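One-letter residues, chain by chain:
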Amino acid sequence: MTFITLPLLNGTNQRNFLTVVYSSVYSKPANMSFVDTLRQWDEAVTCVNRQDFSKALEIFLGIQEPNSKIYFDIGCLHLLDQDFDAAEKAFDCSIRKDEHLAIAFFQRGITFYKKKRYEESLADFQKTFKTLRGNQLIDYKALGLRYILYACDVLHNMALVEAELGNWEKAQEHLTKALNYKTEARFNIIDKALQSILKQKLFKLVEFQSKEMFKPNKHYVAELEKKDYLGKAKVVASVVPQDEFSGFAPLQPQVQDGPTRPKEPEVLRVLEGEPHTVLFEFIPETSDELAVVPGNIVFVLQKGADNWANVVFNERRGLVPYNYLERLEISLASNKNKNGNNYKQGITPPPSRQPPTRPERIQGLTPSEVTSGNRQRQEKQSTDNSCIVKVHFNFNFVVSVPCGSPYTMLIEKISRKLNLPSSAITLSLTSEASEQSVISANTEMEELWSRASGGRVTLWCNTKEEEIHLVALHSYESSNPEDLNFQQGDKIKLLSKINQDWLEGQCNGNTGIFPASFVEEVPANGQ
């Protein structure tokens, strides 16, 4: 778990600090090591600096389980390419990984604006402003992104979206509020926008520079280079003629008349499939393909007409191009190369040619589990009369319910998805919850299902956040700028739980972290 302190400025120009916990910034994915993820991330950022955006996107998409920052970078590249649908999905994933990343809400709001989905754009800008917690700006330099997110810019874009919706009075209110948050660098932008609003004219959107990327920690990147502390080994004397091999290998007989190769492994006879040796490194591009490197022994279960083979390696199944493999002949006879060198240790020479081209995939040749699973899902979808409900929350998700379902069934599914009680969830037909748009147990559900088009309907979801207040059992004073100082008996508003020992809260207009053992929770009916 990593604690990162971000410098913030509030409306009175007093400097505060916001401590954010990132537990998955450098988490180790299931199928990719930390070093591999870091290396690909750094390589992709280097391609962006060279203006090679297509290569950078290709490298990013090859990372198996990206974190929130990498998903953000992927969304920015899609936005540069004007692929708004792909950008929206990438920012969805970034927010799902880190619901406190304000810049991801800001970028998704820009994406919705360019797709002319103004209500969703306004909702994301509102969430961005809420994440700022009344502060004037957030500087993301400490997290690897050279960008400052200003609160006045967020309010500026909220005003623009309201203007697009024809709500000129609300737009003017947002810009007037932005005057309290603007800095010297943003004076002209807010003033020009106010002049345009008075004339009921639209103004320019404040956009994030999509060429700026989250970069991996430079100290970790510096450790990626291999360091040779021992040097290369050299054969000084050997009874094996022309022995130039140096490295790690099993014990070998040091007599010329000894056995030429180890005994045939018994395990190869009982495993399923035909054994093959991998000749070239293969990097997968889809989830059903399998990564292998030269020298691996795989077992071919099925070979397709498109020259792809379904193989088993280390108890994992996947697809590998068959022209990357060579059938493994189990024999006790010695192998000799063209130069007459006797490879008695069983060490095969490295390939002397380039790997063959990747064969084209024919749909249908996938591992049996995937094929049967897809077939069952398709059959199920074709037989039931279900409706897909898309729900806009901090992140977007979908639930499937039968058309015409009652409110209790719908709210139960959404409650289970969010892991929240149904009483804390409010559903509405529009992004702004009003008496006409809110859905409850008293709502006639026929109106909701009449909105379904092609078996799909869209809802918005809000949750009620109950404020938790604490009382200080002891006084706490610290010289650390990110800590919250208070006196015994002070009331503290709880903002978040950092871990079992530390909390984040607000007291006397200041925000910071403090030990959990210094406070206790005030009962709900306490004064």
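Residues numbered from 1 in each chain as written. Predicted model: local features only at pLDDT ≥ 70, side-chain atom pairs only at ≥ 80, totals over all residues. Heavy atoms only, no water.

Glancing now at the overall build of the chain. Within the chain one finds 14 helices and 19 strands. Taking all 527 residues of the chain together, the buried fraction comes to 40%. The long-range fraction of contacts in the chain, counting pairs at least 24 apart against all pairs at least 6 apart in sequence, stands at 55%. Here the chain displays about 31200 Å² of accessible surface, and carbon together with sulfur accounts for 48% of that area. (Helix = DSSP H or I, 4+ residues; strand = E, 2+ residues; numbered from the N terminus. Buried < 20%, exposed > 50% of the residue type's maximum accessible area, 1.4 Å probe, protein only. Contact = heavy atoms within 4.5 Å. Areas by Shrake-Rupley, 256 points an atom, 1.4 Å probe, with all protein chains shown as cover.)

Time to look at the pattern of salt bridges. One pass over the structure, following the stated rule, counts 13 salt bridges. Put simply, Glu88 and Arg117 hold a salt bridge, and the shortest N to O gap is 3.1 Å. With a gap of 29 residues between them, Glu88 in helix H4 (residues 84–97) and Arg117 in the loop between helix H5 (102–114) and helix H6 (118–132) connect regions that are remote in the sequence. Look at Glu88 and you get buried, because its relative accessible area is 7%. Across the pair Glu432 and Lys170 runs a salt bridge, and its minimum N-O distance is 3.8 Å. A residue pair is termed long-range when its members are at least 10 positions apart, and Glu432 in the loop between strand S12 (425–428) and strand S13 (438–439) and Lys170 in helix H8 (residues 168–178) qualify at 262 residues. Residue class for Lys170 comes out partly exposed when judged on its relative accessible area of 36%. Taken together, the shared-partner salt bridges connect Asp85, Glu88, Lys115, Arg117, Glu120 and Lys390 into one network. (Salt bridge = Lys/Arg side-chain N within 4 Å of Asp/Glu carboxyl O.)

Once that is clear, we can look at the packing of aromatic side chains. Evaluated as defined, the whole model comprises 14 aromatic pairs. With a centroid separation of 5.8 Å and an interplanar angle of 55°, the aromatic rings of Phe72 and Phe91 are classed as tilted. Residue Phe72 is located in helix H3 (residues 68–80), and its partner Phe91 is located in helix H4; the two are separated by 19 residues in the primary sequence. By the burial criterion, Phe72 is buried, and Phe91 matches it. Look at Phe282 and Trp308: their rings are 5.9 Å apart centre to centre, the planes differ by 75°, and that puts the pair in the edge-to-face class. Separated by 26 residues along the polypeptide, Phe282 in the loop between strand S5 (274–278) and strand S6 (297–303) and Trp308 in strand S7 (residues 308–313) bring together distant segments of the chain. The residues Phe282 and Trp308 share a single accessibility class, namely buried. Clustering of aromatic rings is evident, with ring pairs tying together Phe72, Phe91, Tyr140, Tyr147, Phe208 and Phe214. (Phe/Tyr/Trp six-rings, centres within 6.5 Å; stacked < 30°, edge-to-face > 60°.)

Moving on: empty space enclosed by the protein. Following the criterion strictly, the structure yields two cavities of 30 Å³ or more and no others. Lining the second largest cavity are Arg108, Phe112, Glu120, Ala123, Asp124, Lys127, His392, Phe393, Asn396 and Trp460. Take the lining of the second largest cavity: its biggest share by element is four residues, from H6. A class-by-class count of the residues in the lining of the second largest cavity yields four nonpolar, two polar and four charged. (1 Å grid on protein atoms, 1.4 Å probe; cavity = no way out; pocket = protein on both sides within 12 Å on 5 of 7 lines; lining within 4 Å. Points joined across faces, edges and corners; volume = space filled by probe spheres on them. Nonpolar A, V, L, I, M, F, W, Y, C, P; charged D, E, K, R; others polar.)

Residues Ile103, Tyr140 and Leu410 are the most contacted members of the largest nonpolar core, which totals 89 residues. Top contributing element to this core by residue count: helix H7 (residues 151–164), with nine residues. Formed by 15 residues, the second largest nonpolar core is a distinct cluster that contains Phe280, Val300, Ala309 and Val311. (Core = buried A, V, L, I, M, F, W, Y, C linked by side-chain atoms within 4.5 Å.)

Here we take up the packing of H3 against H5. One way to put it is that H3 packs onto H5 with a least axis distance of 11 Å and a crossing angle of 20°. As the angle between them shows, H3 and H5 are arranged roughly parallel. Of the two possible hands of crossing, H3 and H5 adopt the one that is left-handed. Note on element contacts: H5 touches H3 through Ile103, Ala104, Gln107 and Thr111, opposite Phe72, Cys76 and Leu79. (Axes fitted to C-alpha atoms, helices over the stretch in contact; angles between N-to-C directions. Parallel < 35°, antiparallel > 145°, perpendicular 65-115°, else oblique. Left-handed = near helix turned anticlockwise from the far one by under 90°.)

Quick look at a positive patch on the surface now. On the surface, a cluster of positive charge is made up of Lys141, Arg146, Lys215 and Lys218. Looking at the element boundaries, Arg146 is found in the loop between strand S3 (135–139) and strand S4 (148–150). (Patch = residues over 30% accessible without salt bridge, like charges linked within 9 Å, V, L, I, M, F, W, Y side chains within 5 Å. Lys, Arg positive; Asp, Glu negative; His and termini not counted. Charge placed at Lys NZ, Arg CZ, Asp CG, Glu CD.)

Adjacent strands of a sheet form backbone hydrogen bonds with each other and so pair up, either parallel or antiparallel. Here we have five strands laid out as an open sheet, ordered S18-S17-S16-S15-S19, and antiparallel in their pairing. At either end of the open sheet lies a strand with only one pairing partner, and these are strand S18 (510–515) and strand S19 (519–521). Here the average twist between neighbouring strands, direction ignored, is 45°. Bridging between strand S17 (residues 502–507) and S18 involves six bridges; their strand directions are antiparallel. Paired with Glu504 across the two strands is Ile513, which belongs to S18. (Pairing = 2+ DSSP bridges.)

Pairing of S12 with strand S14 (residues 456–463), which is carried by four bridges, proceeds in the antiparallel orientation. Along S14, the bridge assignment pairs Leu427 with Cys461. Looking at chain direction, S12 and S13 are connected through two bridges and run antiparallel. Within S13, the position partnered with Leu427 by the bridge is Ile439.

Before going further, it helps to examine the pairing of S6. Bridge analysis of S5 against S6 gives four bridges, and the strand direction is antiparallel. Residue pairing for S6: Pro275 is matched across the bridge by Phe299. Relative to S7, S6 runs antiparallel, the two being bridged by four bridges. Bridge pairing links Gln302 to Asn310 in S7.

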